[in-house]
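In case you want the letters, here they are:
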Amino acid sequence: MGMQIAFFLFSLIAIVGAILVVTTKRLFHSALALVLSFVGVAGLYILLEAEFLAALQILIYVGAIAILILFAIMLTRHLMDPKARAFNEQWWVAALVAGFLFLVLMAMILRVPWPIKAAAVPENVIEGLGSSFVGEYLVPFEVASVLLMAALIGAIIIARER
Amino acid sequence: MMDLENFLPFLGEIVARWLKGFLPVWLVDVIMMVVVGLLIILLMVVVVMALTLLERKILGRLQDRLGPNRVGPYGLIQPIADVLKLLVKEDIIPEKADKLLHFLAPVIIVVPAFMVWAVIPFGKKLVAADLNIAVLYVIALGSVTSIAILMAGWGSGNKYALLGGFRAVAQLFSYEVPMALAILSVVMAAGSMSLQKIVEAQSPLPFVLLQPVAFLIYFICGVAETNRSPFDLPEAESEIIAGYHIEYSGVKWAMFFLAEYINTFAISAMVVTLFLGGWKGPVLPSYIWFFIKVAIMVYVFFWFRATFPRLRIDQLLNFSWKFLVPLAMANLLVTGLVVKLDLGYWGKASAYWAGNILAGGLALYLLGRFTPKKALA
């Protein structure tokens, strides 16, 4: 019962945040609403006993990505103007893509046979996660690292003064 | 005779048992959680009041003056006078402010400051929640602060506030990286992210002796994370007239103040927990040891403020990215190698020493070798 109420509340936070992101007039508020949505998702992770994921969700999405978005908004000219239009003439492309993505996700959600039986959460999740990163999934993990490294170096080279 | 070590947990148990006599079990659990939370919040508010007085007294002493000495004997009632003054001050919202953000920022900055204390072990049996991801939890909460500061900076509708907000976020971002790397080497050495287990791993030697480089990096980053001098650019009075909280007054301003001092105390507590053996110590009960060590660390924070002049923003960022981050990575490499060595405790300890001296010495040598002469003049 308590779990269901908490699930309902966190889902509400996530969904209301997501709706505010696209409906708010001021872009700065949209970005902060996105943070609200992230926090709601982190709450859902905690309900699923995935505390590690929840902490990472806060650390990376709220602490890093949201700040990055806020900075991008604040440093872009005229974006903060409250009189600026929220839509430009390409809105229908975005609507098309969003609608298509929605269909794909719905098809996936409806088709996958979700296991309903609740299995016990393993005791040492972090240890398991850590050893699969450097064991079974070593190659994908390293490839992702190299990709990030390349992006980092690329960003530095673009931003460097000549 | 009740021994002091078990006194508080014992008291809690008695109260819980008494409540269970006439209340359902789940309600007793909820009540106990709320009571512990309130106790921690109350303790922090009292600690902050004490810290403000201590800071002004110690700064006064270091600068050869008296410090507060008018209200009460030796100025002891000064914090209460300050709080009363802040409570009755007019709450001003600037015309140009973004009302919602201006209102929410002080709330959002103070919540994570209190939340950190849920995982910090005050004593052998005094920890509100011994999470197995406690270290990550603390880092994550620290990163939420930058959102609140940006909200305050933007929401105030003031260019100085906005400048302070930008500075604060750049600083918090830059120093979060070496801080996390320094903590990571401790986590690797202890083999756990639970703060209680990290404390227990520090015997016979605390990590300050095994990981001196990580200790120094963490402490420097801690000073920067709390926006304290010499890293107090975001709220530099003489440059941007207090930065992001320029447009706040009364209770809202007090919230920023409260958060800053709680964070200072929390960073001291984290230094003690991660590096100085936490609540470990002979004879005295564990929580007394914890508070003695934290008080010493807080004193060092105040001492820093009286000693070092403020840095420039480019010096600040260069110091983090070009010195602390590479050093922290080298330290991480050393720790990773030593953890994998099969040497026994003292063999590993010597390997840590050798690695730390090598990494630290090399870093200092490179710093001296490649610093342009005009930067020193």
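Residues numbered from 1 in each chain as written. Chains lettered and ligands numbered in written order. Predicted model: local features only at pLDDT ≥ 70, side-chain atom pairs only at ≥ 80, totals over all residues.

S.K.: Any chance you could explain the overall build of chain A here in plain terms?
M.R.: Counting secondary structure elements, chain A contains 6 helices and 0 strands. The secondary structure elements of chain A, listed N-terminal to C-terminal, are α-α-α-α-α-α. Within chain A, the fraction of its 162 residues that count as buried is 14%. At a minimum sequence separation of 6, the contacts of chain A that also span at least 24 residues come to 54%. (Helix = DSSP H or I, 4+ residues; strand = E, 2+ residues; numbered from the N terminus. Buried ≥ 20, exposed ≤ 12 C-beta atoms within 10 Å, placed from the backbone. Contact = placed C-beta atoms within 7 Å.)

S.K.: Explain the overall build of chain B to me, please; I cannot follow it from the model alone.
M.R.: When you go through chain B residue by residue, the secondary structure sums to 15 helices and 0 strands. Here the C-alpha atoms of chain B give a radius of gyration of 22 Å, agreeing with the 21 Å that 2.2 N^0.38 yields for 377 residues. The principal-axis extent of the C-alpha atoms belonging to chain B is close to 70 × 65 × 40 Å. Looking at chain B as a whole, 43% of its 377 residues qualify as buried. Sequence separation of at least 24 residues holds for 76% of the intrachain contacts in chain B that already meet a minimum separation of 6. (Rg over C-alpha atoms; globule rule 2.2 N^0.38 Å.)

S.K.: Hey, could you run me through the domain arrangement of chain A in this one?
M.R.: When its domains are assigned, chain A resolves into domain 1 (1-84) and domain 2 (124-162). In this structure, domain 1 of chain A and domain 2 of chain A have C-alpha centres spaced 25 Å apart. (Domains from an automatic or database assignment.)

S.K.: What is the right way to read the packing of helix H3 (residues 51-75) of chain A against helix H5 (residues 134-155) of chain B from this model?
M.R.: Relative placement of two packed helices is described by the angle separating their axes and the distance separating the axes. Relative orientation of the contacting elements H3(A) and H5(B) amounts to 25°, with a least axis distance of 9 Å. Classed by the angle they form, the pair H3(A) and H5(B) counts as roughly parallel. In this structure, H3(A) crosses over H5(B), and the sense of that crossing is left-handed. Contact residues: H3(A) offers Phe52(A), Ala55(A), Ile58(A), Leu59(A), Val62(A), Gly63(A), Ala64(A), Ala66(A), Ile67(A) and Leu70(A), while H5(B) offers Leu136(B), Tyr137(B), Ile139(B), Ala140(B), Ser143(B), Val144(B), Ser146(B), Ile147(B) and Leu150(B). (Axes fitted to C-alpha atoms, helices over the stretch in contact; angles between N-to-C directions. Parallel < 35°, antiparallel > 145°, perpendicular 65-115°, else oblique. Left-handed = near helix turned anticlockwise from the far one by under 90°.)

S.K.: I would appreciate a short explanation of the interface of chain A and chain B in the present structure.
M.R.: Much of the literature gives interface size as the accessible area that the parts lose upon coming together. Taken together, the 15 residues of chain A in the interface contact 16 residues of chain B. Contributions of two or more residues to the side of chain A that touches chain B are made by helix H2 (27-47) and H3 of chain A. Broken down by element, the residue count for the side of chain A that touches chain B peaks at 11 residues, all from H3(A). Residue composition of the side of chain A that touches chain B, grouped by class: 13 nonpolar, 1 polar and 1 charged. (Nonpolar A, V, L, I, M, F, W, Y, C, P; charged D, E, K, R; others polar.)

S.K.: Looking at this structure, I do not really get unusual backbone geometry. What am I missing?
M.R.: All names here are of chain B. A positive phi angle is found at Asp 64, which is not glycine, with a value near 60°. Along the chain, the position of Asp 64 falls in the loop between helix H2 (25-62) and helix H3 (78-88). Take Asp 64: there are 6 C-beta atoms within 10 Å of it, and that puts it in the exposed class.

S.K.: Could you clarify how one ought to interpret helix H12 (residues 286-307) of chain B in this entry?
M.R.: Residues spaced three or four apart along an α-helix face the same direction, because each turn holds 3.6 residues. With 22 residues, H12(B) should cover 32 Å at 1.5 Å per step; its first-to-last C-alpha distance of 32 Å lies within 8% of that length. For H12(B), the full list of buried residues reads Trp289(B), Phe290(B), Lys293(B), Val294(B), Met297(B), Val298(B), Phe301(B) and Phe302(B). (Expected span 1.5 Å × (residues − 1).)

S.K.: Honestly, helix H6 (residues 159-190) of chain B in this entry has me stumped. Any pointers?
M.R.: Residue and element names in this part refer to chain B. Taking 1.5 Å per residue, 32 residues should reach 46 Å; H6 reaches 46 Å between its end C-alpha atoms and fits that length. Of all the bends in H6, the greatest, near 25°, is centred on Glu 176, and the proline Pro 178 appears no more than four residues after it. At the C-terminal side of H6, Gly 191 shows a positive phi close to 75°. (Bend = angle between axes of the 7 residues up to and from the residue.)

S.K.: Is there a simple way to think about the domain arrangement of chain B in this case?
M.R.: Residues and elements named next belong to chain B. Looking at the assigned domains, one finds that chain B contains domain 1 (1-88) and domain 2 (91-376). Each of domain 1 and domain 2 has a C-alpha centre, and the two are 23 Å apart. For the side of domain 1 that touches domain 2, the elements supplying multiple residues, two or more each, are helix H1 (7-20), H2 and H3. Top element by residues in the side of domain 1 that touches domain 2 is H2. It accounts for 12 residues. For the side of domain 1 that touches domain 2, the residue count by class is 15 nonpolar, 3 polar and 2 charged.

S.K.: When you look at the confidence of the model for chain B in this model, what are you seeing that I'm missing?
M.R.: Predicted coordinates in areas of low pLDDT are best not read in detail. Residues and elements named next belong to chain B. Taken residue by residue, chain B gives an average pLDDT of 83. The fraction at 70 or more is 98%. Per-element confidence in chain B ranges from a low mean pLDDT of 64 for helix H15 (residues 373-376) to a high of 89 for helix H9 (residues 212-225). For this predicted complex, the interface score ipTM comes out at 0.77, alongside a pTM of 0.84. (pLDDT = per-residue confidence, 0-100.)

S.K.: How should I be thinking about the environment of Val325(B) in this particular structure?
M.R.: Residues and elements named next belong to chain B. Along the chain, the position of Val 325 falls in helix H13 (residues 313-340). The sequence separation of Val 325 and Ala 214 amounts to 111 residues, and the corresponding C-alpha distance is 11 Å. Setting aside residues no more than four positions away along its own chain, Val 325 makes contact with Val 177, Pro 178 and Ser 320.

S.K.: Whenever I open this one, the packing of helix H4 (residues 99-115) of chain B against H5(B) confuses me. Can you help?
M.R.: Residue and element names in this part refer to chain B. Two elements in contact, H4 and H5, have axes whose closest approach is 8 Å; the angle formed by their N-to-C orientations is 165°. Considering the angle they form, H4 stands roughly antiparallel to H5. Viewed along their axes, H4 and H5 form a crossing whose handedness is left-handed. For the pair formed by H4 and H5, the contact residues are Leu 101, His 102, Leu 104, Ala 105, Ile 108, Ile 109, Pro 112 and Met 115 on the first element and Leu 141, Val 144, Thr 145, Ile 147, Ala 148, Ile 149, Met 151, Ala 152, Trp 154 and Gly 155 on the second. Residues that form the contact of H4 with H5 fall into these classes: 15 nonpolar, 3 polar and no charged.

S.K.: I keep staring at the confidence of the model for chain A and nothing clicks. Help me out?
M.R.: When pLDDT is averaged along chain A, the result is 83, and 88% of the positions lie at 70 or above. Averaged over each element, pLDDT in chain A is lowest for helix H5 (residues 125-134) of chain A (81) and highest for helix H4 (residues 91-111) of chain A (91).

S.K.: Help me out: how do you make sense of the environment of Ala259(B) in this one?
M.R.: All names here are of chain B. Relative to the helices and strands, Ala 259 is located in helix H11 (residues 250-275). For the pair Ala 259 and Ala 113, spaced 146 residues apart in the sequence, the C-alpha separation amounts to 5.7 Å. Other than its neighbours up to four places away in sequence, Ala 259 contacts Ile 109, Val 110 and Ala 113.

S.K.: What exactly am I supposed to notice about the environment of Thr76(A) here?
M.R.: Residues and elements named next belong to chain A. Residue position: Thr 76 is located in the loop between H3 and H4. Residue classification places Thr 76 among the exposed residues on the basis of 10 C-beta atoms within 10 Å. Between the C-alpha atoms of Thr 76 and Gly 2, which are 74 residues apart in sequence, the distance is 44 Å.

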